[in-house]
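Notes for the structure review
Spelled out from the first residue to the last, the chains are:
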Amino acid sequence: MSAAEEDQARAAMFDHLRRLCERHPAGVRSVDINAFSIEGRPQRLIVQAGIWKPAAFDAALTIRTTYTRPGDPAPYEDSVGSDGFLRYKFRGTDPEHSDNRALRAAMMRRAPLAYFEGIASGVYVAHFPVYVVAEDRSGLEFAIAVDEDQLLFEPDLVTEVQRRYVERLTRMRLHQPVFRARVLHAYATTCAMCRLRHGELLDAAHIRPDASSGSASVPNGLALCKIHHAAFDQQILGVQPDRLTVEVREDILRETDGPMLRHGLQEMKGVALLLPQSRAAHPDRTALEERYELFRRTA
């Protein structure tokens, strides 16, 4: 395969993933990700090994972080490095392993890859395009740019101001979509208040606000439609932590307006919060109590 043909295949992969992500905001199944073909020939994108280079390619095409259940040790600890870039571990400890050479080739060519992050068994969030920008043989890891703006910086030469900017981009590009997908997956792509099931209209709302060190774990999230997310953030709606029912601010209950106010907000009073099937994903009680106290002060 020529370099031009490989570039076309990568672009086709990104189009394939973009369509899947739009249809599946709670994460995409590996079987759907792998339903991809190049010029009519099936081409898997996720394989057992974390680094994947098809035989016809000169450089790696995809990388993967497998799903690890809460409490289980992860086989590889991918994390954000001191320079703000994502770190992706080598395959094994030999820098010359074929998979590591494939990623090194992607680095040399600055070839765009897809990064699949597991959020449940066989379910992934796809980040793309990402780029290998450096390697650290002593740490057995590669530095990955997850935003094209990060390509402006050399990992070994970033200033403190640049490091903070790069790290902010890394966390924004990785953590926000993963948090949303995990929360929507836990709530079966359903608004916890009104039961709306249109994923494109659902958000993952933080119980403890993200700006006040709120965790990006599922128990700190609620799946809410966009209007109820906004109403929750503005303290128009609250969640009673003992009964797990929705409360509506008193001045809103006294208002007279159109059907959205009546059906969308006022009639939410007393509605039982929809809970995830897994108890481990249930809303954090302490976070709900703190948020409810803020709602009561506003009300």
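Details of the structure are given in the entry above.
Residues numbered from 1 in each chain as written. Predicted model: local features only at pLDDT ≥ 70, side-chain atom pairs only at ≥ 80, totals over all residues. Heavy atoms only, no water.

Description of the environment of Ala143
Along the chain, Ala143 turns up in strand β10 (residues 141–145). The exposure class of Ala143 is buried, given its relative accessible area of 2%. Each C-alpha atom of the pair Ala143 and Val132 lies 6.0 Å from the other, and the pair is 11 residues apart in sequence. The contact partners of Ala143, leaving out residues within four places of it in the chain, are Phe85, Leu86, Arg87, Tyr131, Val132, Val133, Ala134 and Pro155. (Helix = DSSP H or I, 4+ residues; strand = E, 2+ residues; numbered from the N terminus. Buried < 20%, exposed > 50% of the residue type's maximum accessible area, 1.4 Å probe, protein only. Contact = heavy atoms within 4.5 Å.)

So, the pairing of strand β5 (residues 62–65)
Neither face of β5 is left uncovered, since the one carrying Thr62 and Arg64 and the one carrying Ile63 and Thr65 both have all their residues buried. Pairing of strand β4 (residues 51–52) with β5, which is carried by two bridges, proceeds in the antiparallel orientation. Residue pairing for β5: Trp52 is matched across the bridge by Thr62. Pairing analysis gives four bridges linking β5 to strand β8 (residues 113–120), with the strands arranged parallel. (Pairing = 2+ DSSP bridges.)

Re the packing of aromatic side chains
The final tally for this structure, using the stated rule, is six aromatic pairs. An angle of 75° between the planes, with centres 6.5 Å apart, marks the rings of Phe116 and Tyr124 as edge-to-face. When its relative accessible area of 6% is taken as the criterion, Tyr124 is described as buried. The ring of Phe232 has Arg291 sitting right over it, with the charged end atom 4.1 Å from the ring centre. (Phe/Tyr/Trp six-rings, centres within 6.5 Å; stacked < 30°, edge-to-face > 60°. Lys NZ or Arg CZ within 6 Å of the ring centre and 35° of its normal.)

A look at unusual backbone geometry
Note on backbone geometry: most residues besides glycine have negative phi, and most peptide bonds are trans. Put simply, Phe128 and Pro129 share a cis peptide bond, and its omega is -10°. Turning to its location among the elements, Pro129 is positioned in strand β9 (residues 123–136). The phi torsion at Ala188 lies on the positive side, around 55°, for a residue other than glycine. Looking at where Ala188 falls in the secondary structure, it is placed in the loop between α4 (160–186) and β11 (202–206). Ala188 gets classed as partly exposed once you look at its relative accessible area, which sits at 44%. Although it is not a glycine, Arg195 sits at a positive phi angle of roughly 70°. Along the chain, Arg195 turns up in the loop between α4 and β11. The partly exposed category is assigned to Arg195, whose relative accessible area is 34%.

With respect to helix α1 (residues 3–23)
Given a rise of 1.5 Å per residue, 21 residues ought to cover 30 Å, and the 31 Å separating the end C-alpha atoms of α1 matches this to within 8%. Residues Glu6, Ala9, Arg10, Met13, Phe14, His16, Leu17 and Leu20 constitute the buried set of α1. The arc that holds the buried residues of α1, viewed along the axis, is 165°, so those residues lie on one side. In α1, the exposed residues that point more than 90 degrees away from the buried face are Gln8, Glu22 and Arg23. (Expected span 1.5 Å × (residues − 1). Arc of directions from axis to C-beta.)

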